Structure formats: structure tokens, C-alpha cells
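Breakdown of the fold
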Amino acid sequence: MKRILVIGSAGQIGSELTLELRKIWGNSNVVASDVCQNPSARLQESGPYETLNILDRQRMGEIVSKYQIDGIVNLAAILSATGEKNPMKAWDVNMNGLINVLECARENNMKQVLTPSSIAAFGPGTPLYNTPQETVLRPSTMYGITKVAGELLGDYYVKKYGLDVRGLRYPGIISHETLPGGGTTDYAVAIYYDAVTKGHYTCFVKEETMLPMMYMPDCLKATIDLMQADFSKLNHHSDFNVAAMSFTVTEQAESIRKFIPGFTCSYEPDHRQAIADSWPRSIDDSAAREEWGWKPSFDLDTMTKDMIDKLTAKHKAGLI
Ligand code: NAD
Ligand code: SER
């Protein structure tokens, strides 16, 4: 791939992944885009930025021609909690947006499309612990339904058209650069912000809730490693399980207390509890390890220390 278009680049993952891709491919060869009109200065100043609604197929084609794009990273999505408030919008953006991307890539003979899936592809009936690569996929959220359909579509384009489509089932992603965009795992990020700024967090899921999570540096590494993997060595394409760590909210609060001893956490579970309960506790990612050498670097305590260091610096600078 010579020139990549990142769609949904202003979000939690895109705001960091785009900058990492620019380090590897060169600033001018990674075009950032988003429906958002006011992305961060770093995103706009480090390389090209175009406003793009993923549902606007014509404008997508214009941008692809203008920059001679030969690969797309599709990060535009409506996440689980927001998607339950507006299921039709989630379907529209996640499915019709993805079809636009795949068709645009097919028509322009692109070299690669990367489009992430999620642990939300799983649901009731999926084994809760060490969830296998191949298993029951019957999600209970519209977001999850679009992720399963997206995996199937990606694999369909690989088989039917020979298009190189890749995707990973990200766990909840934890980061300090850009806030998450309306998911169920957002509590695992918010807890650090409130620990640093208030010393207390009121959590919207119960203390014993356990979900698979990953720190952003590992998310960036997993994504780029998969993008750079040898296509001929991949047996899977759009649905790789990837894991890093799993913990309960109680365990996360204990980890925070190692660095902020007075930290307290209370619990007021809401509608997002049912979504969290429908997802696995831990993930078997042996296919990703075998097919493209996946290995995470961060565990709970090393992530907690780094999050608190980074957020404390932001707090002192008056940024949060
Ligand atoms: P996010 O909500 O933070 O960012 C999504 C971006 O898409 C936003 O900048 C938004 O403005 C943009 N967007 C929304 N509608 C759009 C449209 N119509 N056209 C163009 N852009 C539009 O999401 P994220 O966390 O960065 O997620 C990126 C991808 O990773 C998604 O596919 C998501 O499902 C997946 N994922 C994320 C997580 C996580 O914990 N962050 C976990 C699993 C999977
Ligand atoms: N973090 C995402 C969500 O909670 C998982 O895909 O929606």
C-alpha cells in the first residue's frame, strides 16, 4: 500500500492510529477523514485531512481519486451504548458505511481494507471464558449484529473478489488521548480520569463485572502488525480474536489504589450492565498469535501506572 485513507480518524482509536500510520507510511501518504468538522490540531496539522461522511459514496470516491488511495482503514462506527439509543443509525453507519468502503476498494482495485470487529460480536450462548476463535456469534446489541455481519462481509469480499480485507475483534480499548465514543467499556477509561481529577468514580457497571481490555499501545501494535502481516499466511481474515488482559472493576480500582491510595469507587449500574454481561470475560487469541505473531505488552498494573502518569500530567496542565 502506498496511500491510505483513514475513515473515522477523529475517534478514540483513529486519533492515535492515524499518527502511527503517518510515522510508517509518511505524513502525506495517510489521509485522515471523519464526519467530524473539528478534529484535533495534531490530526489536521500532521497530514491531509478531509471531511467525509462514510455514507457519502460519491465524496469517498472523489477523495480516493484525489489522493490515489490504495488502502482504507475504516474506523467509523456507532458503538454499543450509543447504538442501543439509535439502532437504525448504528445499522446505517456500520453496515451501509462498510459496504461503501468495500465497494469503493473493489472498484478501485485497492491493495487492502482494514475494518475492526469487536468482542461485541459475541453474545448469549458464547463461552464466557477463553472464548474461542470459532464460536457462537449471536449478539444482543445492534452494534454486535453489525460487527458479525461486517466480519462475514469482509470474508465474502476476500473469497468472492480476492480483495484483501482484514479485521480484529478488539476488546475494550483504554487510552488517555481521546475519550471513547459511547461504548459499554467506557467505564474502564472514565475510572482513570475521575481517579486523577476527583479521587472517586461512580461506575455504571457492577464491581464484579469482568471484560477483556487492551491498552492503546497494544491496540496500535495489533492493528499495524495485522496490516503488515503476509496475506498468504492468514487463514482468518476479518475476525481475529485479540486479547491482552481481563479484570473486574474491583481489581481495576485496587490497581489504581497502588498509585492513588485514597481512591474510592461506588457503583450505580445502568442499562449498560446487560450489554457487559452479554460479552465474554476472557478471549483465546491463539489464531492471531499463530498467524501473525500477536503478543501484548501491557498488563493491568503497567497500564494503570502509565494512564495515571499521563492523565496527571494533563490535569496539571489544565487539559482535563
Ligand atoms: P469512536 O466512536 O471513538 O470513533 C468513531 C469515529 O467515527 C468518530 O470520530 C466519529 O466522528 C466517526 N464517525 C461516526 N459516524 C461517521 C460517519 N457517518 N462518517 C464518518 N465518520 C463517522 O470509535 P473508536 O473507539 O475509535 O472505534 C473505532 C473502531 O474500532 C470501530 O469500528 C469500533 O467498533 C471498533 N472497536 C472499538 C473498541 C473500543 O473500545 N474503542 C472496541 C472494539 C471495537
Ligand atoms: N468498546 C466497545 C463498546 O463498548 C466494544 O466494541 O462498544
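A closer look at the environment of Leu 102
- Along the chain, Leu 102 turns up in helix H5 (residues 87-107).
- On the basis of relative accessible area, Leu 102 is assigned to the buried category, the value being 0%.
- Placed 51 residues apart in sequence, Leu 102 and Leu 153 show a C-alpha to C-alpha distance of 8.7 Å.
- With sequence-adjacent residues up to four places away left out, Leu 102 is seen in contact with Val 113, Leu 153, Tyr 157, Leu 163 and Val 165.

A word on the site of ligand 1
- Neighbouring ligand 1 are 26 residues; Gln 12, Asp 34, Ile 54, Tyr 143 and Ile 173 lie closest to it.
- For ligand 1, an oxygen atom lies 2.6 Å from a polar atom in the side chain of Asp 34.
- Here Asn 53 contributes a side-chain N or O atom positioned 2.9 Å from a nitrogen atom of ligand 1.
- Burial of ligand 1 by the protein chains amounts to 90% of its free accessible area of 820 Å².
- Put simply, the parts of the chain that give the shell around ligand 1 at least two residues each are strand S6 (117-118), helix H6 (142-161) and strand S9 (172-174).

A few points about the site of ligand 2
- Contacts to ligand 2 come from Leu 79, Ser 80, Ser 118, Tyr 143, Gly 183, Thr 184, Thr 185 and Trp 279.
- Take Ser 118: an N or O atom from its side chain is 2.5 Å from an oxygen atom of ligand 2.
- Thr 184 is positioned with one of its backbone polar atoms (N or O) 2.6 Å from an oxygen atom of ligand 2.
- Starting from 230 Å² of accessible surface for ligand 2 in isolation, the protein chains cover 93%.

Examining the layout of surface pockets
- Estimates place the volume of the largest pocket at around 980 Å³.
- As for the largest pocket, its lining consists of 48 residues, and the residues nearest its centre are Leu 75, Ala 76, Ala 77, Ile 78 and Leu 79.
- Those elements giving two or more residues to the lining of the largest pocket turn out to be helix H4 (80-85), H5, S6, H6 and S9.
- The class makeup of the residues in the lining of the largest pocket is 23 nonpolar, 20 polar and 5 charged.

As for the packing of helix H1 (residues 14-25) against helix H8 (residues 216-228)
- Relative orientation of the contacting elements H1 and H8 amounts to 50°, with a least axis distance of 10 Å. Overall, the two elements H1 and H8 adopt an arrangement that is oblique. Along this stretch, H1 crosses H8, giving a crossing that reads as right-handed. Contacts between H1 and H8 involve Glu 16, Leu 17, Glu 20, Leu 21, Ile 24 and Trp 25 from the former and Met 216, Leu 220, Thr 223, Ile 224, Met 227 and Gln 228 from the latter.

So, the nonpolar core
- Ranked by internal contacts, the top residues of the largest apolar core, which has 38 residues, are Ile 174, Tyr 187, Tyr 192, Phe 263 and Met 303.
- Within the residue set of this core, elements represented by two or more residues are helix H7 (187-197), strand S10 (200-203), strand S11 (210-215), strand S13 (245-248), helix H9 (249-257), helix H10 (272-277) and helix H12 (300-316).
- Top contributing element to this core by residue count: H7, with 8 residues.
- Excluding residues within four positions of it along the chain, Phe 263 makes contact with Ile 191, Ala 195, Gly 199, His 200, Tyr 201, Ala 253, Ile 256 and Arg 257.

Quick notes on the sheet that holds strand S2 (residues 30-34)
- Pairing is parallel across the open sheet formed by 6 strands, whose spatial order is S3-S2-S1-S4-S5-S7. The sheet is open, and its two edges are formed by strand S3 (49-51) and strand S7 (165-166), each paired on a single side.
- Across 3 bridges, the pairing between S2 and S3 is parallel. Looking at S3, one finds that Ala 32 is bridged to Tyr 49.
- Across the sheet, helix H3 (residues 57-67) touches strand S1 (4-7), S2 and S3, and the angle it forms with S3 is around 160°.

The rules behind each value
- Residues numbered from 1 in each chain as written.
- Chains lettered and ligands numbered in written order.
- Predicted model: local features only at pLDDT ≥ 70, side-chain atom pairs only at ≥ 80, totals over all residues.
- Heavy atoms only, no water.
- Helix = DSSP H or I, 4+ residues; strand = E, 2+ residues; numbered from the N terminus.
- Buried < 20%, exposed > 50% of the residue type's maximum accessible area, 1.4 Å probe, protein only.
- Contact = heavy atoms within 4.5 Å.
- Near = heavy atom within 4 Å.
- Polar contact = N/O pair within 3.5 Å; in protein donor to acceptor, adjacent residues only side chain to side chain.
- Areas by Shrake-Rupley, 256 points an atom, 1.4 Å probe, with all protein chains shown as cover.
- 1 Å grid on protein atoms, 1.4 Å probe; cavity = no way out; pocket = protein on both sides within 12 Å on 5 of 7 lines; lining within 4 Å.
- Points joined across faces, edges and corners; volume = space filled by probe spheres on them.
- Nonpolar A, V, L, I, M, F, W, Y, C, P; charged D, E, K, R; others polar.
- Axes fitted to C-alpha atoms, helices over the stretch in contact; angles between N-to-C directions.
- Parallel < 35°, antiparallel > 145°, perpendicular 65-115°, else oblique.
- Left-handed = near helix turned anticlockwise from the far one by under 90°.
- Core = buried A, V, L, I, M, F, W, Y, C linked by side-chain atoms within 4.5 Å.
- Pairing = 2+ DSSP bridges.

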